[in-house]
Amino acid sequence: MSDKKRPMLDELKKGPWPSFVKQMEKQAETSEMAEDALNLLEQSYNDKVVHWKHGGIVGVRGYGGGVIGRYCDMPEEFPNVKEFHTFRVNQPAGWFYTSDALRSLADVWEKHGSGLTNFHGATGDVVLLGAPTEHLQSCFDDLSANGWDLGGSGSDLRTPSCCVGPARCSSACFDTLDLCHNLTNQFQNELHRPMWPYKFKIKISGCANDCVSSIARADMSIIGTWRDVIGIDQDAVKDYAANGLEIQELVVDKCPTDACTFDAEQMTFNVDDENCVRCMHCINKMPKALQIGKDRGATILLGGKATLVQSAFLSWVIVPFMKLEKEDDYVELKDLLDKMWEWWDENGKVRERIGELIYRKGMRTFLKEVGLKPQPQMVKHPRANPYFFWWPEELAKEKGEGDALGEAAAGKEIKNG
Ligand code: SF4
Ligand code: SF4
């Protein structure tokens, strides 16, 4: 490592938290690319300008995505990072690795790139930061030879990701890992060959705790839930109370729908399952006493995204409950994905996410096009603001007034309720 002074970065080494600067300096002891990356960052802090240029077409044979082109706009001053491309490597479902697998990845990356990594990027992939153009193909070949594949980037399906699910968690309502692995294998073409108006993310959480933040970050959020009742072990409830848990204050009073009660005399806990929205709060507070139901599946939501064309969106319910127990159940989900992608591909503008297209065209149109029936759970905000509008001809049919009224009313929106 050079003895070049970096006073701005030194500030980021202070304090109790792990510092990425310290980690990069460690790598800079053996990597000139890492050293120049640090120097360039110091330059950026001084200039108050980012010195990375995004873009340029870089890639590997047969793939349209997976490598993100990155160039420095001061190549003479920082020659070791004049090309500093990023690899996205498809992570295993739930981010479980053997140490051998991690070593193989590190060996390939030290041979071809800066050695700098990010475990994991926001999409979920392993991110390898900083490869020169001439090493892209050979790096990819070595990754492939070791059993790794690239993830998505650009206007394609981004690498699906999921929570650890049943591997470590008693709240998992389905096998998140199996579904994630299955979808990844099924949609290899969509993952590697950008073909859509923009990106599409699938994130899978085993329950409403939503540990992968799918509702805010995924175009399709798949979130575990159940249809029957919460299991209650009243002896364990008594133990919680005897050990000082304020059940009324910390559990009952915080239920979003007033669906649970606690009898302090009998020391019993009850749930009105009809009104329970499966938010997980009471189960999180008393995991030894309460269990998720036995009739399990997932709610499918659509349209979550960060801000760009439109503002940030949380995803909306489009299928309140879908069984996801075995591979046959996945077929329904895959068919739905295919229909949605087709509609979005035909109607979406460049860089318009599917949620934005639904916003522009209307949920009514979307549901009709993909063959989904409107349901009461499809609300934009819980228990308020229904956003489904009947088609005039449907309303006429409902009223038994025949086609004449339907035709007369055609073109006018008739609000449901
Ligand atoms: Fe467990 Fe639910 Fe978190 Fe998945 S989302 S890890 S099932 S708590
Ligand atoms: Fe209330 Fe949530 Fe518990 Fe259901 S899961 S009873 S909504 S706290």
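Sequence order as written defines the numbering, with residues in each chain counted from 1. Chain letters and ligand numbers both follow the written order, the letters beginning at A and the numbers at 1. This being a predicted model, a pLDDT of at least 70 is required before a residue's local features are given, and a value of 80 or more before pairs of side-chain atoms are given or counted; all residues contribute to the totals for chains, interfaces and linings. Based on all heavy atoms of the structure, the side-chain values leave hydrogens and waters out of the count.

Remarks on the confidence of the model for the protein
Now for step 1: Here pLDDT means the predictor's own confidence in every residue, given as a number from 0 to 100. Taken as a whole, the protein shows an average pLDDT of 90; of its residues, 91% reach a score of 70 or greater.
Now for step 2: Contacts between residues were defined by any pair of non-hydrogen atoms, one from each residue, lying within 4.5 Å. Counted against residues more than four places away or in other chains, residues 403-417, with its pLDDT under 50, gives 17 contacts.

Observations concerning helix α14 (residues 363-370)
Now for step 1: Only protein chains enter the accessibility calculation, which uses a 1.4 Å probe; a residue whose area is less than 20% of its type maximum is buried, one above 50% is exposed, and one in between is partly exposed. Each helix corresponds to a stretch of at least 4 residues labelled H or I by DSSP, and each strand to a stretch of at least 2 residues labelled E; elements are numbered beginning at the N terminus. Along α14, the residues that are buried comprise Met363, Arg364, Phe366, Leu367 and Val370. The buried residues of α14 occupy one face: seen down the axis, they fall within an arc of 165°. Note: the arc covers the axis-to-C-beta directions of the helix.

Points about unusual backbone geometry
Now for step 1: A cis geometry characterises the amide bond from Phe119 onward to His120, with omega recorded as 0°.
Now for step 2: By secondary structure assignment, the location of His120 is in the loop between β5 (116-119) and β6 (126-131).
Now for step 3: A positive phi is found at Arg278, a non-glycine position, where the angle reads about 55°.
Now for step 4: Among the secondary structure elements, Arg278 is positioned in the loop between β12 (268-271) and α11 (281-285).
Now for step 5: On the basis of relative accessibility, which here comes to 12%, the residue Arg278 falls in the buried class.
Now for step 6: Positive phi, close to 65°, is recorded for Arg351, a residue that is not glycine.

Some points on the domain arrangement of the protein
Now for step 1: In terms of domain boundaries, the protein breaks down into domain 1 (7-145), domain 2 (161-227 + 295-378) and domain 3 (231-291).
Now for step 2: Residue ranges assigned to each domain were obtained from an automatic or database domain assignment. Between domain 1 and domain 2, the C-alpha centre-to-centre distance is 30 Å.
Now for step 3: Accessible area, probed at 1.4 Å, shrinks when two parts are joined; the buried area is that loss added up over both. In total, domain 1 and domain 2 occlude about 1000 Å² of area from one another, counting both sides; carbon and sulfur atoms represent 59% of this.
Now for step 4: As used in this structure description, the phrase polar contact means that two N or O atoms lie within 3.5 Å; if the pair is within protein, one of them must be able to donate a hydrogen and the other to accept it, and residues adjacent in sequence are counted only when both atoms belong to side chains. Where domain 1 packs against domain 2, one counts five residue pairs in polar contact (both at pLDDT 80 or more).
Now for step 5: Counted by class, the side of domain 1 that touches domain 2 contains five nonpolar, seven polar and no charged residues. Amino acid classes used here: Ala, Val, Leu, Ile, Met, Phe, Trp, Tyr, Cys and Pro are nonpolar; Asp, Glu, Lys and Arg are charged; the rest, including Gly, are polar.

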